[in-house]
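# Topology and contacts: notes
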Amino acid sequence: MNTIGIIGAGQMGSGIAQVFAAAGYPVHILDIADEKLAAGVALIGKNFDRQIARGKLSEAEKLAALGRITTGTQYTAFTQSDLVIEAATENEVLKREIFKTLVPYLKPEAIVASNTSSISITRLAAATDRPGKFIGMHFMNRCR
Ligand SMILES: NC(=O)c1ccc[n+]([C@@H]2O[C@H](COP(=O)([O-])OP(=O)(O)OC[C@H]3O[C@@H](n4cnc5c(N)ncnc54)[C@H](O)[C@@H]3O)[C@@H](O)[C@H]2O)c1
């Protein structure tokens, strides 16, 4: 895995992006509007600041991690992604539409994941061209 894509810049998408960026991965986050993306990145910054206050992260590490995050509203940004994790609103119709839009842009070997809490992974996978490369990846929302 070299390049990670995240769809949805809300509570979970921003947290997942934060974890990957802190671990050294370039991350691209997509959402429906620039304001959503700005709010997501602001939340990541706040979470990093909390980690700095607790002595778990340095200012330099925070800046480096933030520097690994890019954002946008266009799916063309995912053409080089090795893994794209969907963390958009919990709605099956919406998620299926997202996957249908996403897959034409992906490399054949790219893995697609959903952070859904309750929707069938099998049904979501069926909305893609790669059910064999589709996984459920349920991240926990915990206080940072
Ligand atoms: N919040 C939790 O505790 C938690 C825990 C585990 C899993 N989840 C799951 O994670 C997913 C996201 O939950 P959340 O709490 O982050 O929700 P949220 O409401 O905080 O964020 C959802 C984001 O999805 C974006 N979005 C909506 N439609 C979109 C589209 N068409 N394309 C791209 N982005 C779109 C919204 O603008 C918003 O920024 C859900 O499937 C949820 O069930 C949530």
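### Focus: the sheet that holds strand β2 (residues 27-30)
- The strand order across the open sheet built from 6 strands is β3-β2-β1-β4-β5-β6, with neighbouring strands paired in parallel fashion. Across the chains shown, the open sheet's two edge strands, defined by having one partner strand only, are β3 (69-72) and β6 (134-136). Sheet twist, expressed as the average angle between the axes of neighbouring strands with direction ignored, equals 20°.
- Note that strand β1 (residues 4-7) and strand β4 (residues 83-86) share 4 bridges and pair parallel. Each bridged residue has a counterpart across the sheet, and for Ile 6 the counterpart in β4 is Ile 85.
- Across the face of the sheet, helix α4 (residues 92-102) comes into contact with β1, β4, β5 (111-114) and β6 while running at roughly 165° to β5.

### Details of the pairing of β2
- In β2, alternate side chains face the same way, and those of Val 27 and Ile 29 on one face and His 28 and Leu 30 on the other are all buried.
- Inspection of the sheet shows β1 paired to β2 by 4 bridges, in the parallel sense. Note that in β2 the partner of Ile 4 across the bridge is Val 27.
- For the segment spanning β1, helix α1 (residues 11-22) and β2, crossover handedness is right-handed.

### So, the packing of helix α2 (residues 34-53) against helix α3 (residues 59-67)
- Put simply, α2 and α3 touch, their axes get as near as 10 Å, and they point 160° apart. For the element pair α2 / α3, the angle class is roughly antiparallel. Our pair here, α2 against α3, has a crossing hand that is right-handed. Across the interface between the two elements, Ile 44, Gly 45, Phe 48, Asp 49 and Ile 52 of α2 pack against Glu 59, Lys 62, Ala 65 and Leu 66 of α3.
- For the contact of α2 with α3, the class distribution of residues is 5 nonpolar, 1 polar and 3 charged.

### Quick look at α1
- Look at α1: 17 Å from first C-alpha to last across 12 residues, which is about the 16 Å you get at 1.5 Å a residue.
- Looking only at α1, the buried set comprises Met 12, Gly 13, Ser 14, Gly 15, Ile 16, Ala 17, Gln 18, Phe 20 and Ala 21.
- Contact partners of the buried residues in α1: β1, β2, α2, α3, β3 and β4.
- One or two positions beyond α1, positive phi appears at Gly 24, with a value near 105°.

### Quick word on the packing of aromatic side chains
- Taken as a whole and judged by the stated rule, the model has 5 aromatic pairs.
- Ring geometry for Phe 20 and Tyr 25: centres 5.7 Å apart, planes at 75°, overall edge-to-face.
- Judged by its relative accessible area of 29%, Tyr 25 falls in the partly exposed class.
- Aromatic pair Phe 20 and Phe 139: ring centres 6.5 Å apart, planes at 65°, arrangement edge-to-face. With Phe 20 in helix α1 and Phe 139 in the segment after β6, this pair connects stretches of sequence that are 119 residues apart.
- One aromatic cluster is present, built from ring pairs that chain together Phe 20, Tyr 25 and Phe 139.

Cut-offs used in this document
Residue positions are given per chain, counting from 1 as you read along its sequence in written order. Two thresholds apply to this predicted model, a pLDDT of at least 70 for residue-level local features and 80 or more for giving and counting side-chain atom pairs, whereas whole-chain, interface and lining totals are computed over all residues. Only hydrogens and water are removed before side-chain values are computed, so all heavy atoms of the structure are retained for them. By definition, two strands form a pair when at least two bridges between them are found by DSSP. Counting from the N terminus, the helices are the DSSP runs of H or I reaching at least four residues and the strands are the DSSP runs of E reaching at least two. Geometry is summarised by axes, namely lines fitted to C-alpha atoms with helices restricted to the contacting stretch, and by angles between N-to-C directions that run from 0 to 180 degrees. Only heavy atoms enter the contact rule, under which two residues are in contact if any of them lie within 4.5 Å. Each residue's exposure class comes from its accessible area (1.4 Å probe, protein chains only) as a fraction of the maximum for that residue type: buried when under 20%, exposed when over 50%, partly exposed otherwise. Assignment of crossover handedness uses the view with strands pointing away from the viewer, where a clockwise path from the first strand over the helix to the second indicates a right-handed crossover. Roughly parallel refers to an angle under 35 degrees, roughly antiparallel to one over 145, roughly perpendicular to one between 65 and 115, and oblique to any angle outside these ranges. By convention, the crossing between two helices is left-handed when the near helix turns anticlockwise from the far helix through less than a right angle, and right-handed when the turn is clockwise. Note on residue classes: Ala, Val, Leu, Ile, Met, Phe, Trp, Tyr, Cys and Pro are nonpolar, Asp, Glu, Lys and Arg are charged, and everything else, Gly too, is polar. Here the expected span of a helix is defined as 1.5 Å times the quantity of residues minus one. When the centres of two rings from Phe, Tyr and Trp lie within 6.5 Å, Trp using its six-membered ring, the rings pair. Their planes under 30 degrees apart give stacked, over 60 give edge-to-face, and anything left gives tilted.

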